[in-house]
Amino acid sequence: MTEQIREWGAADAARHIRVPGPQDNKYSHGVLGVVTGSEKYPGAAVLGVEAAHRTGIGMVRFLGEKAPAGLALARRPETVTVSGAVDAWIVGSGMESTPGLNPELPALAHAALGLQPVVVDAGGLGFLGHVSAPAIITPHEGELERLVPRNGSTREEWVASAADQLGVVVVLKGHETLVATPEEATGGRFLVKVTSPTAWLATAGTGDVLAGIIAAVVATHSVKRVPSLHELAELAATGVFLHGKAAELAGEDGPFPALDVAESVGRAVAWVLSEGKH
Ligand SMILES: NC(=O)C1=CN([C@@H]2O[C@H](COP(=O)(O)OP(=O)(O)OC[C@H]3O[C@@H](n4cnc5c(N)ncnc54)[C@H](O)[C@@H]3O)[C@@H](O)[C@H]2O)[C@@H](O)CC1
Ligand SMILES: Nc1ncnc2c1ncn2[C@@H]1O[C@H](COP(=O)(O)OP(=O)(O)O)[C@@H](O)[C@H]1O
């Protein structure tokens, strides 16, 4: 794989942000189901929920464990904690990495086995073998190594081969984040990179924020339809771009923690919609 990989930029992102119109309501603009966090890592749930709300979505339903639910609600009372219709899911941030689905979390099985798209992050990668829904996974290099060993390949070859072997969209995080689909018989392979505007982003919790942004973008495009893997990859790359822009805005006055990135996502969306159209 020697050809130059395309950079996914502001104009690409602008084309994939769904702006609500006068006819929209909280259901028609996407409902995101969230199963994240645990007693051990409740903060991961707060970060993803904050990021999802700030991305611009009709509703965020938190259906994970009690401890993170309480914190997510305290931070964002807009969050709904009652089961109901869901257009896309996010699972795994801040959860234990287990090989099976937790039977005490029925929403987890709905997310993993349903028809709607699911973003599988962090601890969720442990039960990826049970996920039959169309999926986007968001590993860092340590996590991808556990799923598909790199074996001396380039990062580009590695992400492409992981997408083929796992049959999912792979978002391989890092300073340069790569997004790949499996090679399709007819449509070829989608493979792009998104270069982070700032290395200050390399702090605990920014991956939880990224997963929340990507899942929210996906949910707004998954109302009464299921995007193809190719489209899911475009939406994931758009989420990565928004994450980088939010970090750049959060870092205007110096270093910043992950929650500040989540808080800046609304401004990143506004920036992309105004600057990305030019
Ligand atoms: N406030 C919170 O609640 C937070 C919760 N978090 C959660 O903590 C859990 C554990 O995540 P971790 O990633 O720390 O642990 P992991 O155990 O998944 O990975 C860490 C291991 O992978 C190795 N590694 C190799 N390449 C790496 C790379 N590029 N980036 C990071 N590690 C790499 C490290 O050396 C380390 O041994 C996840 O569920 C995550 O969502 C973290 O996001 C931090 C913030
Ligand atoms: N050197 C770097 N420069 C810019 N961004 C980085 C760098 N290293 C990591 N990142 C980004 O920071 C985030 C870290 O995510 P992750 O490793 O999952 O951390 P956590 O689990 O603590 O949230 C990812 O979005 C990744 O792309």
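The structure presented is a predicted model; accordingly, all values stated were derived computationally and were not measured.

Undergrad: Talk me through the nonpolar core; I want residue IDs and the actual numbers.
TA: Core analysis: the largest hydrophobic core is formed by 58 residues, its most contacted members being L32, I136, V179, V209, I214 and L242. I5, V120, L128 and V148 belong to the second largest nonpolar core, which has 35 residues in total.

Undergrad: I'd love a proper account of the site of ligand 2, names of residues and values included.
TA: Residues in contact with ligand 2 amount to 17 residues; listed here are only the nearest, K173, G174, H175, G205 and G207. Take T206: an N or O atom from its side chain is 3.2 Å from an oxygen atom of ligand 2. One nitrogen or oxygen atom from the main chain of D208 is found 3.2 Å from an oxygen atom belonging to ligand 2. When ligand 2 is considered free in solution it has 570 Å² of accessible area, and contact with the protein chains removes 77% of it. Structurally, ligand 2 is housed in the largest pocket. Tallying contributions element by element places helix 7 (residues 206-220) first for the shell around ligand 2, with four residues. By residue class, the composition of the shell around ligand 2 is five nonpolar, ten polar and two charged.

Undergrad: Before we move on, could you go through the UniProt feature "binding site: AMP" (unreviewed entry) in the protein chain and cite the residues and values that matter?
TA: UniProt annotation of "binding site: AMP" (unreviewed entry) refers to K173, G174, H175, E176, T177 and G207 when read in the numbering used here. With the annotated positions falling across 35 residues, the maximum pairwise C-alpha distance of 13.6 Å places them together in a single cluster. Narrowing the list just given to those that line the largest pocket leaves K173, G174, H175, T177 and G207. You can see K173 is positioned in the loop between strand 7 (169-172) and strand 8 (176-180). When neighbours within four sequence positions are excluded, K173 is seen to be in contact with D121, T138, P139, H140, E141, R155, G207 and L210. Along the chain, the position of G207 falls in helix 7.

Undergrad: Residue-level account of the sheet that holds strand 1 (residues 6-7), with values.
TA: Taken in spatial order, the nine strands of this open sheet run 1-9-8-7-6-5-4-2-3, and their pairing is mixed. For this open sheet the edge positions go to strand 1 and strand 3 (59-62), each flanked by a neighbour on one side alone. Against the sheet, helix 4 (residues 106-113) contacts strand 2 (31-35), strand 4 (88-91) and strand 5 (118-120), and its axis sits at roughly 120 degrees relative to strand 4. Of the strands in this sheet, strand 6 (135-137), strand 7, strand 8 and strand 9 (191-195) touch helix 6 (residues 155-166), which is tilted by about 35 degrees from strand 8.

Undergrad: Please set out unusual backbone geometry residue by residue, giving values where relevant.
TA: Residue A122 is not a glycine yet carries a positive backbone phi of 45 degrees. Structurally, A122 is set in the loop between strand 5 and strand 6. Since its relative accessible area comes to 21%, A122 is described here as partly exposed. The backbone of N151 shows a phi angle near 55 degrees, a positive value even though the residue is not glycine. On the secondary structure map, N151 appears in the loop between helix 5 (141-147) and helix 6.

Undergrad: An account of the site of ligand 1 is requested, with residue identities and associated values reported.
TA: For ligand 1, the set of nearby residues contains 15 residues, the closest of which are A44, G94, H140, G142 and D208. For ligand 1, an oxygen atom lies 3.4 Å from a polar atom in the backbone of G43. Backbone polar atom of G142 to a nitrogen atom of ligand 1: 3.1 Å apart, as the coordinates give it. Coverage of ligand 1 by the protein amounts to 51% of the 850 Å² it exposes when considered alone. Taken together, the elements giving at least two residues each to the shell around ligand 1 come down to helix 2 (42-55) and helix 5. If you tally residues by element for the shell around ligand 1, the top one is helix 5, at four residues.

Undergrad: How would you explain the pairing of strand 7 if you had to name every residue and give the values?
TA: Alternating residues of strand 7 divide into V169 and V171 and V170 and L172, and every residue in both groups is buried. One ladder, built from two bridges, connects strand 6 with strand 7; its direction is parallel. Looking at strand 7, one finds that I137 is bridged to V170. Two strands pair when backbone bridges link them, and strand 7 and strand 8 are joined in this way by three bridges, in the antiparallel orientation. What sits directly across from V170, in strand 8, is A180. Counting the residues that bridge the hairpin from strand 7 to strand 8 gives three residues.

Undergrad: Give a description of the side chain of S222 that names residues and reports values.
TA: Mapped onto the fold, S222 is located in the loop between helix 7 and helix 8 (229-250). Since its relative accessible area comes to 0%, S222 is described here as buried. Engagement of the side chain of S222 in a polar contact is seen with the backbone oxygen of V218, the distance being 2.7 Å. Setting aside anything within four residues of it in sequence, one finds S222 in contact with D87, A88, Q116, P117 and P227.

Criteria and thresholds
- Residues numbered from 1 in each chain as written.
- Chains lettered and ligands numbered in written order.
- Predicted model: local features only at pLDDT ≥ 70, side-chain atom pairs only at ≥ 80, totals over all residues.
- Heavy atoms only, no water.
- Core = buried A, V, L, I, M, F, W, Y, C linked by side-chain atoms within 4.5 Å.
- Buried < 20%, exposed > 50% of the residue type's maximum accessible area, 1.4 Å probe, protein only.
- Near = heavy atom within 4 Å.
- Polar contact = N/O pair within 3.5 Å; in protein donor to acceptor, adjacent residues only side chain to side chain.
- Areas by Shrake-Rupley, 256 points an atom, 1.4 Å probe, with all protein chains shown as cover.
- 1 Å grid on protein atoms, 1.4 Å probe; cavity = no way out; pocket = protein on both sides within 12 Å on 5 of 7 lines; lining within 4 Å.
- Sits in = over half its atoms within 2 Å of the grid points.
- Helix = DSSP H or I, 4+ residues; strand = E, 2+ residues; numbered from the N terminus.
- Nonpolar A, V, L, I, M, F, W, Y, C, P; charged D, E, K, R; others polar.
- UniProt positions renumbered as here; feature names shortened; annotations may be inferred.
- Contact = heavy atoms within 4.5 Å.
- Pairing = 2+ DSSP bridges.
- Axes fitted to C-alpha atoms, helices over the stretch in contact; angles between N-to-C directions.

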